[in-house]
Amino acid sequence: MAKAQPYKGRNSVLASAAVFCLLLIAAALYLTHYVRNLNKTMEEETVLHLTETAEQNVVSLQKQIAGDIRLLENVGSLLGRGGSIAMGEALDYLRGMVEDGGFKRMGVILPDGQAHTTDGYVQDFSDRQYFHEALSGRSSLSGTLTDKIGGGDINVYYAPILNGGKCLGVVFATHDTAVYREILSLSSFGGKGSFYLVAADGEPVIRPAEADTYIDLSRNHMADPDIAFSDPDAVTDMRLHMMRGESGVLQCVDHGVTTYINYTPVDTDAVDSWYLISLAPSSVITDRTGYILDQTLYLSVGIFVVLSALVAYNLYTQRRNERQLYALAFVDPLTGGANQTRFKREAGRLVRRYGGAKYALVEFDIDKFKYINDMFGYETGDRVLTGLMDILRRSLKPGELCARIINDKFVLLLEENRQEDIERRLRGLADRVASLSADLPRPYDFVLAFGICQPTDGTDIVPLLDRAALARKSGKGSHRTSVVFYSDSLHERIIKEKEIENRMETALKNREFVVYYQPKVLLSSGVLSGAEALVRWKHPEKGLIPPGDFIPLFERNGFIVNLDLYVFEEVCRKMRGWLDEGLDPVPVSVNLSRVHLQNPQFLERFRDIVEQYALPAGLLELELTESAVFDNVEVLRRLMHTLREAGFMLSMDDFGTGYSSLNLLKELPVDIVKIDREFFGECPDNERGKQVVAAVVTLAKQLQIRVVSEGVETAEQADFLRTIGCDMAQGYFFSTPIPEEDYEKRLRSRREERNAVEKP
């Protein structure tokens, strides 16, 4: 028995080995079966995921196209409102929209087919099909075209310019095809999937970015001869489905690799039968399962280990891809906060669920943000935007939303419904944003422009954003943080201002702006001693437009620079004529807008005009408002010294409106101060006010500064000013602003006035 033990042991080992092998084989077969089932399940999941991704991309495309078409139709309605197209004004308007709309260029096509673009080209588009479609009243989007101007693939939006049912022309906007490729760039397959657009007839709209699998529908087969379908009628069936507006999934073999193809219609009125073609290779599956299949044949234990690792990797990859998809779809890559898509989705849901009266929608940006990039670099600008997003997150209440739209534009959904509470929160937010200046290489004054729309019902979020943007834009250019609420009156005012902007260049060219003069008199004698040049607009249709209707707008859009130069030259030209005629003109003051101070070279243009008309020093006076002084006293002090050296007299207008007025008399080299009419208005009935005005006059005389009081309307005011030694006055008591010809008559009679005063 002793010798039998080894045998039994060997038998036991063999039995155990046989059982182990059987178990190993069983485990291998089971795992192989499991992996195959897993492969099939993942295949189905891949197809489902491909379909869902395609549907999401189609929705994004439809929103992009519908939004752009709606924008272009609104532009067409605006351009056609006057009954004719003013090409220069139209192109100026469109240039302002190119960047905001993300277009490559925009333009207008006249009925004869001549196209004028925002980048200065004029071409014949009469042979373009979309031109004729737009003339017939249809707004749409073209297929992919070759850009004849800048090269590359483009798609063109077009809409008719209508007036009373009559088509005056076509407005178009060009998108680089890459815009749509960016929308379609989302892929849940580790970058192995691809997307492109075709028309129902097989012509490509957006081609694959790389040499990917591509179906040539126009020839009913794959573009690559090495790619084929197991079913020879697959492409034919696919085309039939596309002609009926149906979607589907099919397979092809690409160099031995099975590829899944989804075709989904892009359902929008703007395009004719576009289809999104989405492809994912079977390697998405085989990469995950092939290793298990190989190892199953050799070692069952290894199979279990590999299978466990594969499952874990699969879950990790899926979750990672889901996170990446979420980030691409809903996260701003710069700040890490929500992007526009996520904001529209969540804000729209809240507004629809709880009603509009609960919320306020806010859009804002940093005025002249590009200066931060120019002064400190783009890296610093990015840090500012990231810091701003951090401030927004800390400032929001639970349930409120914030997002970055593009560049420096942000949006908020605040749970507030009282305007004073909204403004209080936004002003506080602006103060916190100002703290970002501490991280910049040198101090910078952050000026924010807030536009607020308070929805009255559960309306769609897109028009609410448009209204908030309109309010934001209306408040820009004031050099101070602005908080503007959208209203119907604001909309009407913006329309009115747009009409003025469309006309202003033509008005200046046609000399519709005329100079009025308001005389200044010596209080001691009543003799004419000066005048202030004021501008009026003689509109050929609307008559005389008061300056309050256009000067503030010109201050915001910068056109005031052109108008100031025009008025200054008109005064110089007329004064040269009076001198040549032998008259004895008195000094004339011309208002100088604060906008000029942003350009240190502006003095050269004024000096050139003075030299052109060879005017003697002392006849021209430049008026600066006290509010302009407080922007930067030191810079203005150096500038005023330069103006004095150039021969100009300097006047500080609206003196008394600031808190440091008396200190400015010490700092700035002014020749004349003008006591503000509001500051002076209460003095005749207010003994304390009289003493203040008298003290100002006395101090100015001690500093050898002349004093002019404006807004004098009564004899009592004039007598009071005369008794305290004020030099000159202007106002309705002496004369209203008068046209040039009436002022010239007054100038001619000045000698007689002086003689009458000098007689004993």
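Residues numbered from 1 in each chain as written. Predicted model: local features only at pLDDT ≥ 70, side-chain atom pairs only at ≥ 80, totals over all residues. Heavy atoms only, no water.

Engineer: Explain the pairing of strand β8 (residues 194–199) to me, please; I cannot follow it from the model alone.
Structural biologist: Every other side chain in a regular strand lies on the same face of the sheet, so the side chains alternate between the two faces. With six of six residues buried, β8 lies mostly within the body of the structure. Bridge analysis of β8 against strand β15 (residues 274–281) gives six bridges, and the strand direction is antiparallel. By the bridge assignment, phenylalanine 195 is partnered in β15 with serine 278. (Buried < 20%, exposed > 50% of the residue type's maximum accessible area, 1.4 Å probe, protein only. Helix = DSSP H or I, 4+ residues; strand = E, 2+ residues; numbered from the N terminus. Pairing = 2+ DSSP bridges.)

Engineer: Teacher, can you tell me more about the confidence of the model for the protein here?
Structural biologist: Caution applies to low-pLDDT regions: their predicted coordinates should not be interpreted in detail. With 80% of its residues at a pLDDT of at least 70, the protein reaches an overall mean of 80. Of all helices and strands in the protein, the one with the weakest mean pLDDT is strand β11 (residues 221–222) (48), whereas strand β21 (residues 513–522) scores best (94). (pLDDT = per-residue confidence, 0-100.)

Engineer: Teacher, can you tell me more about the packing of aromatic side chains here?
Structural biologist: What characterises a pair of aromatic rings is the spacing of the ring centres plus the angle enclosed by the ring planes. Under the criterion given, the structure shown has 20 aromatic pairs. One aromatic cluster in this structure is built from Phe513, Trp537, Phe550, Phe554 and Phe559. Residue placement shows arginine 128 over the ring face of phenylalanine 125; its charged tip is 4.1 Å from the ring centre. Here the guanidinium or amino end of arginine 536 rests over the ring plane of tyrosine 516, the centre of that ring lying 5.6 Å away. (Phe/Tyr/Trp six-rings, centres within 6.5 Å; stacked < 30°, edge-to-face > 60°. Lys NZ or Arg CZ within 6 Å of the ring centre and 35° of its normal.)

Engineer: Could you clarify how one ought to interpret the environment of glycine 193 in this entry?
Structural biologist: Here glycine 193 is to be found in the loop between α4 (178–183) and β8. Each C-alpha atom of the pair glycine 193 and tyrosine 260 lies 9.5 Å from the other, and the pair is 67 residues apart in sequence.

Engineer: Is there a simple way to explain the pairing of strand β27 (residues 672–675) in this structure?
Structural biologist: Where burial is concerned, the two faces of β27 agree: the one with Ile672 and Lys674 and the one with Val673 and Ile675 are both buried. Direction of pairing for β27 relative to strand β28 (residues 706–710): parallel, over a ladder of four bridges. The residue of β28 that forms the bridge with isoleucine 672 is arginine 706.

Engineer: Teacher, can you tell me more about the nonpolar core here?
Structural biologist: Within soluble globular proteins, side chains that are nonpolar generally end up buried alongside one another. Membership of the largest hydrophobic core comes to 76 residues, with the highest contact counts inside it found for Phe513, Phe554, Leu563, Phe568, Val571, Phe648 and Tyr743. A total of 11 residues in this core trace back to one element, the largest contributor, which is helix α15 (residues 560–581). Among the nonpolar cores identified, the runner-up in size contains 37 residues, and Ile65, Ile85, Leu168 and Leu276 belong to it. (Core = buried A, V, L, I, M, F, W, Y, C linked by side-chain atoms within 4.5 Å.)

Engineer: Which parts of the structure should I look at to understand unusual backbone geometry?
Structural biologist: Trans is the prevailing form of peptide bonds, just as negative phi is the prevailing case for residues other than glycine. Of note, alanine 614 is a non-glycine position whose phi angle comes to about 50°, a positive value. Here alanine 614 lies in the loop between α16 (602–613) and β25 (620–625). Classification of alanine 614 by relative accessible area gives partly exposed; the value is 49%.

Engineer: What exactly am I supposed to notice about a positive patch on the surface here?
Structural biologist: Together, Lys63, Arg345, Arg349, Arg352 and Arg353 give the surface a local cluster of positive charge. Per-element accounting of the positive patch gives the leading share, four residues, to helix α8 (residues 340–354). Counting through the fold element by element, arginine 349 comes out in helix α8. (Patch = residues over 30% accessible without salt bridge, like charges linked within 9 Å, V, L, I, M, F, W, Y side chains within 5 Å. Areas by Shrake-Rupley, 256 points an atom, 1.4 Å probe, with all protein chains shown as cover. Salt bridge = Lys/Arg side-chain N within 4 Å of Asp/Glu carboxyl O. Lys, Arg positive; Asp, Glu negative; His and termini not counted. Charge placed at Lys NZ, Arg CZ, Asp CG, Glu CD.)

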